[in-house]
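Results of the structural survey
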Amino acid sequence: MDSLCLRTLCCKGPPPPRPEYDVVCIGLTGSGKSSLLSRLCRESTDTIVPTTGFSIKAVPFQNAILNVKELGGNTSKLCADHIKKYWSRYYQGSQGVVFVVNSACSAAELEASRAELHSALQHPQLCTLPFLILANHQDQPAARPAPEIKKYFELEPLARGKRWVLAGSSAADVEGLRETFSQLISLLEEREAEPARI
């Protein structure tokens, strides 16, 4: 009896590998992409600077690993437009999208975020992918709540028939952030489980 128990423990083998998903993370400069990803990876956010080009982080979760390719911009409009025109080159192979909005930004920046999200939702390489839309900086006094972002961005009609989640976020609330990303993982798993379309 004891040998059976020991054999069960010893011969069980390693746990199955967690699935990995390639996700692209986009949003205007200052939306908090780097800070959110660093907090999810349990890294310090003390020395965060705006991402120039792109960075890749493997973000571990209990049931999956997200390989997140964060696409950066620049604070000057000319440089940001120059860099954003190359974003689509990094979309290939993505299985999901994280779009980060600075919910405490100016009206002009919010309109620019809205235009970028609409463009991403309609992009041929992204339009069929699950989206996680984060209304970030919810810990700031001027932050607009997620329902207000949803209405202003016209998400109901625009994203009809797509898989998406909109949630408030803050780098200060890592547990809430992990729960929100778990919703994206669920959408990725659902999409993977669907029969392939021919």
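For the structure, see preceding data.
Model, not experiment: these values are computed from the prediction. (Residues numbered from 1 in each chain as written. Predicted model: local features only at pLDDT ≥ 70, side-chain atom pairs only at ≥ 80, totals over all residues. Heavy atoms only, no water.)

1. Considering the sheet that holds strand E4 (residues 96–102)
What the six strands build is an open sheet, ordered E2-E3-E1-E4-E5-E6; its pairing is mixed. Looking at the sheet topology across the chains shown, the edges are occupied by strand E2 (54–60) and strand E6 (164–168). Pairs of neighbouring strands in the sheet enclose a mean axial angle of 20°, with direction left out of account. As judged from the six bridges shared by E4 and strand E5 (residues 131–136), these two strands associate in the parallel manner. Looking across to E5, one finds that Val97 is bridged to Phe131. Contacting strand E1 (20–26), E2, strand E3 (65–71), E4 and E5, helix H2 (residues 33–40) crosses the sheet at an angle of about 155° to E3. On the sheet, helix H4 (residues 107–122) packs against E1, E4 and E5 and is oriented at approximately 170° with respect to E4. (Pairing = 2+ DSSP bridges. Helix = DSSP H or I, 4+ residues; strand = E, 2+ residues; numbered from the N terminus. Axes fitted to C-alpha atoms, helices over the stretch in contact; angles between N-to-C directions. Contact = heavy atoms within 4.5 Å.)

2. Concerning H4
For H4, which comprises 16 residues, the first-to-last C-alpha distance of 23 Å matches the rise-based estimate of 22 Å (1.5 Å per residue) to within 8%. Residues of H4 that are buried in the fold lie against E1, E4, E5, helix H5 (146–152) and helix H6 (155–158). (Expected span 1.5 Å × (residues − 1).)

3. Structural notes on the packing of aromatic side chains
Within the structure shown, the criterion is met by two aromatic pairs. Centre to centre, the rings of Phe61 and Phe181 are 6.1 Å apart; their planes meet at 15°, and the pair counts as stacked. Of the two residues, Phe61 is situated in the loop between E2 and E3 and Phe181 in helix H7 (residues 174–193); the sequence distance between them amounts to 120 residues. Taken as a pair, Phe61 and Phe181 share a single burial class, namely buried. Over the ring of Tyr152 we find Arg114; its NZ or CZ atom is 5.7 Å from the centre of that ring. One Lys or Arg, Arg178, reaches over the ring of Phe61 and ends 4.6 Å from the middle of that ring. (Phe/Tyr/Trp six-rings, centres within 6.5 Å; stacked < 30°, edge-to-face > 60°. Buried < 20%, exposed > 50% of the residue type's maximum accessible area, 1.4 Å probe, protein only. Lys NZ or Arg CZ within 6 Å of the ring centre and 35° of its normal.)

4. Here we look at the side chain of His118
Looking at the element boundaries, His118 is found in helix H4. Among all residues touching His118, those that are not within four sequence positions of it are Phe153, Glu154 and Leu158.

5. Quick word on the nonpolar core
Formed by 26 residues in total, the largest nonpolar core has its most connected members in Ile26, Leu117, Leu126, Phe131, Ile133 and Leu155. Take this core: its biggest share by element is four residues, from H4. Ignoring sequence-local partners within four residues, the contact set of Leu117 consists of Phe99, Phe131, Ile133, Phe153 and Leu155. With 23 residues, the next largest nonpolar core counts Val98, Leu132, Val165 and Leu188 among its residues. (Core = buried A, V, L, I, M, F, W, Y, C linked by side-chain atoms within 4.5 Å.)

6. With respect to the pairing of E1
Across a regular strand the side chains alternate sides, sitting on one face of the sheet and then on the other. Burial analysis of E1 places five of its seven residues in the buried class, which makes it a mostly covered element. With six bridges joining them, E1 and E3 adopt parallel strand pairing. Residue pairing across strands places Val23 opposite Val68, the latter belonging to E3. Direction of pairing for E1 relative to E4: parallel, over a ladder of four bridges. Residue pairing across strands places Cys25 opposite Val98, the latter belonging to E4.

7. Points about unusual backbone geometry
The backbone of His137 shows a phi angle near 65°, a positive value even though the residue is not glycine. Located in the positive-phi region is Glu154, a residue other than glycine, with phi close to 55°. Looking at where Glu154 falls in the secondary structure, it is placed in the loop between H5 and H6.

8. So, H2
Of all eight residues in H2, six are buried, a share of seventy percent or more. The secondary structure elements touched by the buried residues of H2 are E1, E2, E3, E4, E5 and H7.

9. Remarks on the packing of H2 against H7
Put simply, H2 and H7 touch, their axes get as near as 10 Å, and they point 95° apart. It follows that H2 is roughly perpendicular to H7 by the angle criterion. Across the interface between the two elements, Leu36, Arg39 and Leu40 from H2 touch Val174, Leu177, Arg178 and Phe181 from H7. (Parallel < 35°, antiparallel > 145°, perpendicular 65-115°, else oblique.)

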